[in-house]
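One-letter residues, chain by chain:
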Amino acid sequence: AIALFLSQNRTLRKLSLAKNSITNAGFAMIVNALQKNTTLEHLDMVDTEIEGGGAGHHLERLLKGNITLRSLHIEGTRLGEEGLKGVSRGLAASRGMIEIHCGGCGLDERSACELADALKLNTSLRALLLRSAEINEGTIAPLLEALMVNLRLQIYVDSLPLIPDEMEEMRRRVADYLQSAQAVPAHIRSSVRREMWDAFFSNEEGRDIVERVDRRFH
């Protein structure tokens, strides 16, 4: 009934199915309907029963095929690594999504790397929201590197920006250095990046880190 309604409706802008018992099969029908719907902008699937690679496949189709959806909430779903692969593939090709809330979906180091690669390619996303329980040494490096490449994007952890606004200029300067470092040996680039990541969390002045990078490159 919901899928049929979505395929025919031309006025609804926001739909919340949060904490609903919708499974992958039901979600597939909703995604099919949203391939035809050109008005829905916000979809809330928080704490539903979609899970794993099946849900990931449908999310990939949704992100690739619908250009009017702007906000997607999938927090608390059991996507895991296989499901997040689908999200990553979809985001790499998405042309309309502006923010996606995917905290508590099972992000780990491998899926963080895949997600980061997708974020580097995405040109529309402005906000990715995660939970602090998913942020650790293994997930932080690829996500920060994605922020160095995609300067339009911000990642939020428990609603707090991963890179505070006051460090935005430093972020851009670091991005310039990373772009110019392609000829620098990989182990040196890795070491410099590590210093950069550490600097973000110790609130060092941008001038200090740029001086360190200068010493490494010259």
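Refer to the structure above for everything that follows.
What counts as what
Residues numbered from 1 in each chain as written. Predicted model: local features only at pLDDT ≥ 70, side-chain atom pairs only at ≥ 80, totals over all residues. Heavy atoms only, no water. Helix = DSSP H or I, 4+ residues; strand = E, 2+ residues; numbered from the N terminus. Buried < 20%, exposed > 50% of the residue type's maximum accessible area, 1.4 Å probe, protein only. Contact = heavy atoms within 4.5 Å. Areas by Shrake-Rupley, 256 points an atom, 1.4 Å probe, with all protein chains shown as cover. Right-handed = clockwise from strand over helix to strand, strands pointing away. Pairing = 2+ DSSP bridges. Expected span 1.5 Å × (residues − 1). Core = buried A, V, L, I, M, F, W, Y, C linked by side-chain atoms within 4.5 Å. Salt bridge = Lys/Arg side-chain N within 4 Å of Asp/Glu carboxyl O. Arc of directions from axis to C-beta.

Undergrad: Looking at this model, I keep getting lost on the overall build of the protein chain. Mind explaining?
TA: Looking only at helices and strands, one finds 9 helices and 7 strands in the protein chain. Per-residue burial over the protein chain gives 49% buried out of 218 residues. In the protein chain, the proportion of contacts linking residues at least 24 apart, taken out of those at least 6 apart, comes to 79%. When the accessible surface of the protein chain is summed, it comes to about 10500 Å², and 50% of that surface belongs to carbon and sulfur atoms.

Undergrad: Got a minute to help me understand the pairing of strand β5 (residues 127-130) in this structure?
TA: In regular strands, side chains alternate between the two faces of the sheet. The alternating pattern of β5 places A127 and L129 and L128 and L130 on opposite faces, both of which are buried. Each parallel crossover has a hand, and the one from strand β4 (residues 99-101) via helix α5 (residues 109-121) to β5 is right-handed. Bridging between β5 and strand β6 (residues 154-157) involves 4 bridges; their strand directions are parallel. Bridging from a neighbouring strand, L130 pairs with V157 of β6.

Undergrad: Explain the sheet that holds β6 to me, please; I cannot follow it from the model alone.
TA: Two orientations exist for strands paired in a sheet by backbone hydrogen bonds: parallel and antiparallel. Pairing is mixed in the open sheet, where 7 strands are placed in the order β1-β2-β3-β4-β5-β6-β7. Strands at the two margins of the open sheet, each flanked by one partner only, are β1 (14-16) and β7 (160-161).

Undergrad: Got a minute to help me understand helix α4 (residues 80-93) in this structure?
TA: Since the α-helix advances by 3.6 residues per turn, residues separated by three or four positions end up pointing in the same direction. Over its 14 residues, α4 extends 21 Å from the first C-alpha to the last, a length consistent with the 20 Å expected when each residue adds 1.5 Å. Those residues of α4 not exposed but buried are G83, L84, G86, V87, S88, G90 and L91. Looking at the buried side of α4, the elements it contacts are α3 (52-65), β4 and α5.

Undergrad: Got a minute to help me understand the nonpolar core in this structure?
TA: If you look at the biggest cluster of nonpolar residues, it comprises 53 residues, and the most contacted ones within it are I74 and L119. The element contributing the most residues to this core is helix α6 (residues 137-149), with 6 residues. Apart from the residues lying within four places of it in its own chain, the contact partners of L119 are L91, L125, L128, L143, A146, N150, L153 and I155.

Undergrad: How should the pattern of salt bridges be read in this particular structure?
TA: Pairing of side chains with opposite charge becomes possible as their charged atoms draw close. In total, this model carries 9 salt bridges according to the counting rule given. In this structure, the salt-bridge partner of E51 is R78, at a minimum N-O distance of 3.4 Å. Within this pair, whereas E51 is found in the loop between β2 (42-44) and α3, its partner R78 is found in the loop between β3 (71-73) and α4, the two being separated by 27 residues in sequence. Under the relative-accessibility criterion, E51 is labelled partly exposed at 38%. The network of salt bridges with common partners includes E60, K64 and R89.

Undergrad: Looking at this structure, how should I read α5?
TA: In a regular helix each residue adds 1.5 Å, so 13 residues correspond to 18 Å; α5 covers 19 Å between its end C-alpha atoms and thus fits that length. Those residues of α5 lying buried are S111, A112, L115, A116, A118 and L119. Projected down its long axis, α5 carries its buried residues within an arc of 165°, all on one side. Pointing more than 90 degrees away from the buried face of α5 are the exposed residues E109, R110 and L121. Elements that come into contact with the buried residues of α5 comprise α4, β5, α6 and β6.

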